[in-house]
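# Per-entry structural report
Take a look at the letters that make up each chain.
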Amino acid sequence: MKSNFNKFPVIEIKGHACFAGWEHIIEQLKESKPKVIAIECYPGVYVEELINSVKEGLNPELLINTVQAMKSEEQIAAMVQPYVTDDPVFGYMTSLTLEDYFDFGKIKYFKSHISEIKGCTVIIGPGATLIADEADLSLYADMPRWEIQMRFRKDTACNLGRTNYTDSFAYQYKHAYFVDWRVSDHYKKQILSKCQFLLDTTIPHQPKMISTSALFDALKQTVNTPFRVVPFFDPGPWGGQWLKEVCDLDRSLPNYAWGFDCVPEENSLLLGFGNHVVEIPSSNLVFFQPEALLGREVYEGFGDEFPIRFDFLDTMEGGNLSLQVHPLKEYIKEKFGMTYTQDESYYMLDAKEDAFVYLGLKENVDPELMMKELEAAQSNQIPFYAEKHVQKWPVRKHDHVSIPAGTVHCSGANSVVLEISATPYIFTFKLWDWGRMGLDGKPRSISLAHGKNVIQWDRTTSWTKENILNLREPVAEGDGWREERTGLDKLSFIETRRHWFTKKVVHHTEGVVNVLNLVDGREIIIESPDHLFEPYVIHYAETFIVPAHVGAYTISPHGESEGKECVTIKASVRTQMISQKVLK
Ligand SMILES: O=P(O)(O)OC[C@H]1O[C@@H](O)[C@@H](O)[C@@H](O)[C@@H]1O
């Protein structure tokens, strides 16, 4: 069937202008005849493009690249090392701030130099507004995380305060995840409202600029309606062929493994201003509209973090994921500085006859022997016979298994998982990767030492069956619909409800953000009973977010699905569980 999946969902914003292209942007900047302009940059922005365009358009008397006021790269490398660490995959959440990167003697020098300049001064780079804290005009050049990752892969971006363009992607990602993005988000929250403009340079040489008042109003408009973030897709060693067809992706790539359809930390939002589309990190919505988006209790509990993640894992005609386990909450806090952990669940969006998951251990598992065999497999490159120790279960389309942290698991070949999980997503302790190589031709990192510390050895066959394997119960039914509770175990903070329906279903956020996916059916329509937002159409496999603030909404089969059965899965936060799951 032809794909109807929308890869570029645009949120139409009313009542504001967008300046597109350097020529128009420069014209706009000149309007107020500013003497000092600061262009604050998120790390990953191509500062050179900005410098060249500003030089050409504004011909400033003095142009400062903020690296000139930073500490030396050696000093910065030493400063971040306790957070970047020597672990190949994981670091520790930093407490550094952007000020820590600067040499205040140099800042003082530049400040006095700026005051002596008669013409125009432009300061560009991360920390520009620290150097020019009283600029006549301030811009914020933002950058979504997925684009930053693409730039790391192409060796065109480096970490904050570094020139490490050619360091491995794994190192740059870890550096950014545990340090740069924390430091920069923290600073962005302080400074963005003080800037007059937001600059989008996600697509090189096609810059767009909006006023920050337009941005803040756009974010306000967004929390009044269901919306989608921009999904991104990535190949992997076990990837499959399903996403390519369903989401209409590049057929020439060997596979796609992951599809990230709701990880607001890393996705972006497309905001439509007339004919122009501005791309911003979707985390901005979480930072600047936290209560309306998440709901008061979720915001109080998690802070300005979006706690629910939806992503796809495609193994159709691919391989098994790594056999893995995730850290317990105390462990993730102690070792990595995270406040909540990677509890997961797999909703089987599609499955071939032979699909299966590994979940939990065998009844008489011998921990010492299993670890010994895993270690031998890793060091001697001999196979590990997973089924000797780990329970394998057949799964079918629409099964929903829960994976509390500490449970050994992975999904097998020939299925498509919709992961409905807590947001942390990189804390996968791989135990065994089936003796295969990563896409770069090298073995992927195995984390046996961490894994050993968190495996819950009492999660064996009978426990698994009783507590986490495809749990479901009917909740309610009405004319043309029925509702079930699925999947997640008693200890999870995520509640999931599934609706099977041929007619309209009434939903309510009850003051808590809802995340949904159309897991069966071609098309549905989301409407406001009080006409508070425009009707919103969703296609098969699309994930969408309903902000807490929306309140009542309805979902009906639509278009080619009218009168036919559709199925949605909805996730929300069990607010009574938050204090138990979040370690401050
Ligand atoms: O890439 P591997 O290690 O096989 O894992 C694939 C995926 O497994 C899932 O269970 C989650 O843990 C994901 O965060 C992870 O990306």
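Here the structure is shown first, and the text comes after it.
Described in the following lines is the structure provided in the data block. Starting afresh in each chain, residues are numbered from 1 along the sequence in its written order. Under the rules for a predicted model, residues below a pLDDT of 70 receive no local features and side-chain atom pairs below 80 are neither given nor counted, while totals for whole chains, interfaces and linings still include all residues. Side-chain numbers come from the whole structure's heavy atoms, not from hydrogens or water.

## Some thoughts on the packing of helix H3 (residues 73-84) against helix H7 (residues 169-191)
The condition is simple: Axis definition: a line fitted to C-alpha atoms, over the contacting stretch in the case of helices. Angles run 0 to 180 degrees between N-to-C directions. In this text, helices come from DSSP runs of H or I with a minimum length of four residues, and strands from runs of E with a minimum of two, each type numbered from the N-terminal end. The cut-offs work like this: below 35 degrees is roughly parallel, past 145 is roughly antiparallel, 65 to 115 is roughly perpendicular, and the gaps in between are oblique. Should any heavy atoms of two residues lie within 4.5 Å, those residues are considered in contact. Lys, Arg, Asp and Glu make up the charged group, whereas Ala, Val, Leu, Ile, Met, Phe, Trp, Tyr, Cys and Pro make up the nonpolar group; the residues left over, Gly among them, are polar.
Where H3 meets H7, the axes come as close as 10 Å, and the angle between the chain directions of the two elements is 85°. Compared by their axis directions, H3 and H7 come out roughly perpendicular. Mapping the contact onto sequence places Val80, Tyr83 and Val84 in H3 and Tyr171, Lys174, His175, Phe178 and Val179 in H7. In the contact of H3 with H7, the residues fall into six nonpolar, one polar and one charged.

## Points about the site of the ligand
Where we set the bar: Residue proximity to a molecule or strand is established when one non-hydrogen atom of the residue lies within 4 Å of it. Polar contacts, as used here, are pairs of N or O atoms within 3.5 Å; protein pairs need one atom able to donate a hydrogen and one able to accept it. Residues neighboring in sequence count only if both atoms are side-chain atoms. Throughout, the Shrake-Rupley method with a 1.4 Å probe supplies accessible areas, and for residues the shown protein chains are the sole cover considered. Here a cavity means grid points, on a 1 Å grid over the protein atoms only, where a 1.4 Å probe fits yet cannot get out; a pocket means an open set of points with protein on both sides within 12 Å along at least five of seven lines; lining residues are those with an atom within 4 Å of a point. Grid points define the cavity or pocket, and a molecule sits in it when more than half of its atoms lie within 2 Å of them.
The immediate surroundings of the ligand are formed by 17 residues, with Ser322, Gln324, Tyr346, Lys430 and Arg444 found nearest. In this structure, an oxygen atom belonging to the ligand sits 2.9 Å away from a side-chain N or O atom of Trp258. The protein chains hide 95% of the 390 Å² of surface that the ligand would expose on its own. When atoms are counted within 2 Å of each cavity's grid points, the one that captures over half of the ligand is the largest pocket. Across the shell around the ligand, the residue classes break down as six nonpolar, six polar and five charged.

## Topic: the packing of aromatic side chains
For clarity, the cut-off: Geometry of aromatic contacts follows a simple scheme: Phe, Tyr and Trp rings, the Trp one being its six-membered ring, pair when their centres are within 6.5 Å, and the pair is stacked under 30 degrees between planes, edge-to-face over 60, tilted otherwise. Burial status follows relative accessibility: with a 1.4 Å probe on protein chains alone, a residue under 20% of its type maximum counts as buried, one over 50% as exposed, and anything between as partly exposed. Whether a charge lies above a ring is judged from NZ of Lys or CZ of Arg, which has to be within 6 Å of the ring centre and within 35 degrees of the ring normal.
Scanning all chains against the criterion turns up 31 aromatic pairs. Seen from their ring centres, Phe356 and Tyr358 are 5.4 Å apart, and the 90° between their planes marks the pair as edge-to-face. Among the residues examined, Tyr358 registers a relative accessible area of 3% and is labelled buried. Site record: aromatic cluster; members linked through ring pairs are Phe90, Phe169, Tyr173, Tyr177, Phe178, Trp181, Tyr331, Phe336, Tyr425, Phe427 and Phe429. Positioned above the aromatic ring of Phe5, the side-chain terminus of Arg228 is 5.1 Å from the ring centre. Lying over the aromatic face of Phe356, Lys392 brings its terminal NZ or CZ to 4.2 Å of the ring centre.

## With respect to the pairing of strand E15 (residues 344-351)
Moving residue by residue along a regular strand, the side chains alternate between the two faces of the sheet. Just so we agree on the cut-off: In this analysis, strands are considered paired if DSSP registers two or more bridges between them.
In terms of burial, E15 is a largely internal element, eight of the eight residues being buried. Two elements, E15 and strand E18 (residues 400-403), share four bridges in a ladder whose sense is antiparallel. Its bridge partner being in E18, Tyr347 is matched across the sheet by His400. In this structure, E15 lies alongside strand E20 (residues 415-422), joined through five bridges in antiparallel fashion. Looking at the pairing, Asp350 lines up with Val416 of E20.

So yeah, pure geometry; function would need other evidence.
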